[in-house]
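Summary of structural features
Residues per chain are reported as follows:
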Amino acid sequence: MNKPSHRILVMGVSGSGKSHVGKLLAAALGATFIDGDDHHSPANVAKMASGTPLNDDDRRDWLATLADLFAAHKARNASVVIACSGLKKRYRERLRKGDPTLRVLYLEGSHALLRERLETRAGHFFKGDSMLASQLADLEPPSSDEAQTISIALSPDEIVKRFTSTLASARGVH
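A quick note: this is a predicted structure, and the numbers were derived from the prediction, not measured.

**A short note on the overall build of the protein**
- The secondary structure content of the protein amounts to seven helices and five strands.
- Going from N to C terminus, the protein has its helices and strands arranged as β-α-β-α-α-β-α-β-α-α-β-α.
- Taken over C-alpha atoms, the radius of gyration comes to 16 Å for the protein, in line with the 16 Å a tight globule of 174 residues would show.
- Projected onto its principal axes, the C-alpha positions of the protein cover 50 × 30 × 30 Å.
- Put simply, of all contacts in the protein between residues at least 6 apart along the chain, 78% involve residues at least 24 apart.
- Split by element, the accessible area of the protein, about 8,600 Å² in all, is 51% carbon and sulfur.
- Positive and negative side-chain charges in the protein, numbering 24 and 20 respectively, have mean positions lying 5 Å apart.

Listed below in structure tokens is the structure:
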């Protein structure tokens, strides 16, 4: 029997652990991992590095690029995990144009825990509590029929274990 392929979005605000969890999830599934941040334009990176939040116009081409990556993997029946904030429902709908069956893992956390994580992270272009506040203000948390929500208070390994168990049960494997 062929191993099923998956296109998975790991979403959440900055500091939620999207990249770390995404890498672990991709390894568990034998999938390619793509960090959405690596596909921002130089102008977007400079804007964020200066402490200025991105707006919908800034994100348009970036989301189109990520949707194209989902589509390319779907066309090859290949599994991919992409870490991307996916803050707004319309952003996630744009990503689903790449694969309508896109699975979404939403990493949810309190402002205090997110802030604590951001303060200890070195070498990342995302700067400032104002940017976290902006992301939290923009966040439209997905409903349970759109995504599986898992708390970032759990260990990354436990998050992956819980999410992969839902993938297995969705295809009737126990």
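Text resumes after the structure shown.
**Observations regarding the pairing of strand β1 (residues 7–11)**
- Burial within β1 is extensive, with five of its five residues counted as buried.
- Of the two faces of β1, the one holding Arg-7, Leu-9 and Met-11 and the one holding Ile-8 and Val-10 are both buried throughout.
- The pairing of β1 with strand β4 (residues 103–108) spans four bridges and is parallel. If you follow Leu-9 over to β4, its bridge partner there is Val-104.

**What about the sheet that holds strand β3 (residues 80–83)?**
- Sheet architecture is open: five strands sit in the order β2-β3-β1-β4-β5, paired in parallel fashion. With partners counted over all chains shown, the strands left at the sheet margins are β2 (32–35) and β5 (148–151), one partner each. Across the sheet, the mean angle separating the axes of adjacent strands is 20 degrees when strand polarity is ignored.
- Sheet analysis places β2 next to β3, joined by four bridges and oriented parallel. Opposite Phe-33, over in β3, you have Val-81 as the bridge partner.
- Those strands touched by helix α1 (residues 18–29) are β1, β2, β3 and β4, and its axis lies near 165 degrees from that of β2.

Each value, and the rule that gives it
Residues numbered from 1 in each chain as written. Predicted model: local features only at pLDDT ≥ 70, side-chain atom pairs only at ≥ 80, totals over all residues. Heavy atoms only, no water. Helix = DSSP H or I, 4+ residues; strand = E, 2+ residues; numbered from the N terminus. Rg over C-alpha atoms; globule rule 2.2 N^0.38 Å. Contact = heavy atoms within 4.5 Å. Areas by Shrake-Rupley, 256 points an atom, 1.4 Å probe, with all protein chains shown as cover. Lys, Arg positive; Asp, Glu negative; His and termini not counted. Charge placed at Lys NZ, Arg CZ, Asp CG, Glu CD. Buried < 20%, exposed > 50% of the residue type's maximum accessible area, 1.4 Å probe, protein only. Pairing = 2+ DSSP bridges. Axes fitted to C-alpha atoms, helices over the stretch in contact; angles between N-to-C directions.

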